[in-house]
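Chains, contacts and geometry: an overview
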Amino acid sequence: MRSMATMTRGTNLPQMAGFNQFAVLDAVRRSDGSRTRADLARITGLSAQTVTNATRRLIEEGLVAERELQRRSGSGRPGTALAVVPDSRYAVGVHLDPAAVVVALIDLAGDLVTQRAVSTPESERPEAVLDVVADEIAAIVEDAGVRRDRLVGVGVVTPGPIDRERGLVLDPPHLKMWHDVPLRDEVARRTGLPTLLDKDVLAVAAATLWFPDGGHSGDAAVVYAGTGVAVGVVSGGEVVRGVSGNAGEAGHLSIGRASGPCSCGRDGCLGGVLSAESLLANATARGIGLAAASAVTPDPILRADAAVDELRVRAERGEAAVHDFLADAGDALGFAVTGVCELLDLDTIVTSGPVWERLGPWLERGLQGAVDRFRLPGRHPVRVVPSVGGVHAAAIGAACLALDEAFTPRAAGLLLGS
Ligand SMILES: [Zn+2]
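A brief report on the enclosed structure follows. Because the structure is predicted, anything quoted here is derived from the model rather than measured.

**Concerning the overall build of the protein**
When its secondary structure is counted, the protein shows 12 helices and 15 strands. Per-residue burial for the protein yields a buried fraction of 54% across its 418 residues.

This is how it looks when you write it as structure tokens:
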């Protein structure tokens, strides 16, 4: 695993030993296991002696191990590099979506150990959902046989808006019974684990930084198409969070043409074409009769989710009207997101989310067409790539955030285990 995120530099002040240890660990985590102590000193700005001291403590704590580098041809003895010990620590990520609860367990190297998914309880009462989340966390840890003292924490991500500082889910448009729910503290209380709360699209954006092989240069628009639609931005190797941590709301980006009426009162919003519910409504309006449209379930979220499944089946069968319909939705996304790419000089569009996972091949045709059409002469190309982790991308991202939270150097110098 190798990260594009900005490296954190250390300080050589003696009272900053804990901070420096984290800075070195951060540099090791973000490398591919081939960094020597000299490399780490250069990256962190720490002295050779400080790096030696920090790596000794990290090795004693079992977080980092030495490995011999291959001898370079003609040179002297091979160097010793440092790499994280993957099974020394783990983090849990939870993606709470109105349609599903997805849980992922990752190790210190950021690699996925295992994952699970269940439907979100139909009642969507916060209490019922919290019970499911706590049960799923307990189950994934038990199934993986991970020792509890090796768990650094839980990252929980949901659609916005949230209050990240206070750990509250405010008023998510697709969870009608949720208002100012203290999700972070409730999960922490039920699991006894340190917990953080963040937005789902920003977790996917964070994950793309950890897995650049599937990703980008560090400047990307991250599309998340699920119950709603969001576009997170990664700029200069950092996730853009905004003033309240709610960056990424894209439901009302203009698509430059009619979308059907949007909840905001306008017509022509991205959310009016690419959310699960709008796909169902618009398909029906275009004469694509879906069984989900007349399903007996009273829950509009589940009905829309069933419609997405149905569209996939019919697209796979090669139904031309469905192909055209989905390409148009992808084209509308392309109109909106190429504007974001142009504004921020981004070179990659990462696609993700449960709707994209199912309808991506057909949506992408329209998206790619729009990207090709809107590209300005003389400008760099914009690539379209899928996110890593597929349908689990947000849960994996949530777990990455939990690892980051536990191992990000802070001036407060919180030493692990101290
Ligand atoms: Zn709108």
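**Side note on the layout of surface pockets**
Estimated volume of the largest pocket: approximately 820 Å³. Forming the walls of the largest pocket are 37 residues, and the residues nearest its centre are Pro173, His174, Thr227, Gly228 and Ser275. Within the residue set of the lining of the largest pocket, elements represented by two or more residues are β12 (229-235), α7 (271-274), α8 (276-285) and α9 (300-316). When residues of the lining of the largest pocket are assigned to their parent elements, the largest contribution, four residues, is made by α8. When its residues are assigned to classes, the lining of the largest pocket shows 14 nonpolar, 15 polar and eight charged. Each of domain 2 (88-205 + 395-407) and domain 3 (216-387) gives at least three residues to the lining of the largest pocket.

**Some thoughts on the sheet that holds strand β1 (residues 35-36)**
Strand order in the open sheet made by the three strands is β1-β3-β2, with antiparallel pairing throughout. Edge positions in the sheet fall to β1 and β2 (64-68), since each has one partner strand and no second. Direction of pairing for β1 relative to strand β3 (residues 80-84): antiparallel, over a ladder of two bridges. Looking at the pairing, Thr36 lines up with Ala81 of β3.

**Description of the coordination of the zinc ion**
Listed as protein donors to the zinc ion are His252 (ND1), Cys262 (SG), Cys264 (SG) and Cys269 (SG); their distances from the metal cover 2.0 to 2.3 Å. If you look at the zinc ion, its four donor atoms make angles of 99 to 120° with each other, and the shape they trace is tetrahedral. Here the donor residues of the zinc ion share one chain and are spaced in sequence as H-x9-C-x1-C-x4-C. Separated by 17 residues along the polypeptide, His252 in the loop between β13 (238-239) and α7 and Cys269 in the loop between β13 and α7 bring together distant segments of the chain. Assessed through its relative accessible area of 2%, Cys269 is described here as buried.

**Details of the environment of Ala188**
Take Ala188: it is sitting in helix α5 (residues 183-191). Considered as a pair, Ala188 and Val154 are 34 residues apart in the sequence and their alpha carbons are 8.1 Å apart. If we ignore the near neighbours within four places in the chain, the residues touching Ala188 are Leu193 and Thr195.

**Examining the pattern of salt bridges**
Any two side chains of opposite charge can pair, on the condition that their charged atoms come close. Counted according to the given criterion, the structure contains 25 salt bridges. Of the charged contacts, one joins Arg147 and Asp149 as a salt bridge, the two residues approaching to 2.9 Å between their closest N and O atoms. With a relative accessible area of 47%, Arg147 lands in the partly exposed category. Where Arg190 meets Glu186, a salt bridge forms, and the shortest distance between an N and an O atom there is 3.4 Å. Residue Arg190 and its partner Glu186 are located together in helix α5, separated by four residues, close to a single helical turn. Bridged by salt links that share partners, the residues Glu127, Asp131, Glu186, Arg189 and Arg190 form one connected network.

**Regarding the pairing of β3**
Here is the key point about a regular strand: its side chains alternate between the two faces of the sheet. With four of its five residues buried, β3 lies for the most part within the structure. Sheet analysis places β2 next to β3, joined by five bridges and oriented antiparallel. Within β3, the residue paired with Glu68 across the bridge is Thr80.

**With respect to unusual backbone geometry**
In this model, Gly160 is joined to Pro161 through a cis peptide bond whose omega is -5°. Here Pro161 lies in the loop between β7 (151-158) and β8 (162-163). Of note, the phi angle at Asp345 is positive, near 55°, even though the residue is not glycine. Here Asp345 is to be found in the loop between α10 (320-344) and β14 (348-352). Among the residues examined, Asp345 registers a relative accessible area of 43% and is labelled partly exposed.

**Thoughts on helix α6 (residues 200-210)**
Most of α6 is tucked away: 11 of the 11 residues are buried. If you check which residues of α6 are buried, you get Asp200, Val201, Leu202, Ala203, Val204, Ala205, Ala206, Ala207, Thr208, Leu209 and Trp210.

**Digging into the packing of α9 against α10**
As a packed pair, α9 and α10 sit with axes 8 Å apart at the nearest point and diverge in direction by 120°. In terms of orientation, α9 lies oblique with respect to α10. Crossing of α9 over α10 shows left-handed handedness. For the pair formed by α9 and α10, the contact residues are Leu311, Arg314 and Ala315 on the first element and Val322, His323, Phe325 and Leu326 on the second. The class makeup of the residues in the contact of α9 with α10 is five nonpolar, one polar and one charged.

**Some thoughts on the pairing of strand β5 (residues 100-107)**
Burial analysis of β5 places seven of its eight residues in the buried class, which makes it a mostly covered element. Pairing geometry for strand β4 (residues 90-96) and β5, over seven bridges, is antiparallel. Its bridge partner lying in β5, Ala91 is registered against Ile106. Between β4 and the antiparallel strand that follows it, β5, lie three residues. The sheet contact formed by β5 and strand β6 (residues 112-119) spans seven bridges and is antiparallel. For Val101, the partnering residue across the bridge sits in β6 and is Val118. Joining the antiparallel neighbours β5 and β6 is a turn of four residues, in which Gly110 adopts a positive phi near 90°.

About the cut-offs
- Residues numbered from 1 in each chain as written.
- Predicted model: local features only at pLDDT ≥ 70, side-chain atom pairs only at ≥ 80, totals over all residues.
- Heavy atoms only, no water.
- Helix = DSSP H or I, 4+ residues; strand = E, 2+ residues; numbered from the N terminus.
- Buried < 20%, exposed > 50% of the residue type's maximum accessible area, 1.4 Å probe, protein only.
- 1 Å grid on protein atoms, 1.4 Å probe; cavity = no way out; pocket = protein on both sides within 12 Å on 5 of 7 lines; lining within 4 Å.
- Points joined across faces, edges and corners; volume = space filled by probe spheres on them.
- Nonpolar A, V, L, I, M, F, W, Y, C, P; charged D, E, K, R; others polar.
- Domains from an automatic or database assignment.
- Pairing = 2+ DSSP bridges.
- Donors = N, O, S within 2.8 Å, 3.2 Å for Na, K, Ca; no water.
- Tetrahedral: all angles 85-135°; square planar, octahedral: opposite > 155°, others 65-115°.
- Contact = heavy atoms within 4.5 Å.
- Salt bridge = Lys/Arg side-chain N within 4 Å of Asp/Glu carboxyl O.
- Axes fitted to C-alpha atoms, helices over the stretch in contact; angles between N-to-C directions.
- Parallel < 35°, antiparallel > 145°, perpendicular 65-115°, else oblique.
- Left-handed = near helix turned anticlockwise from the far one by under 90°.

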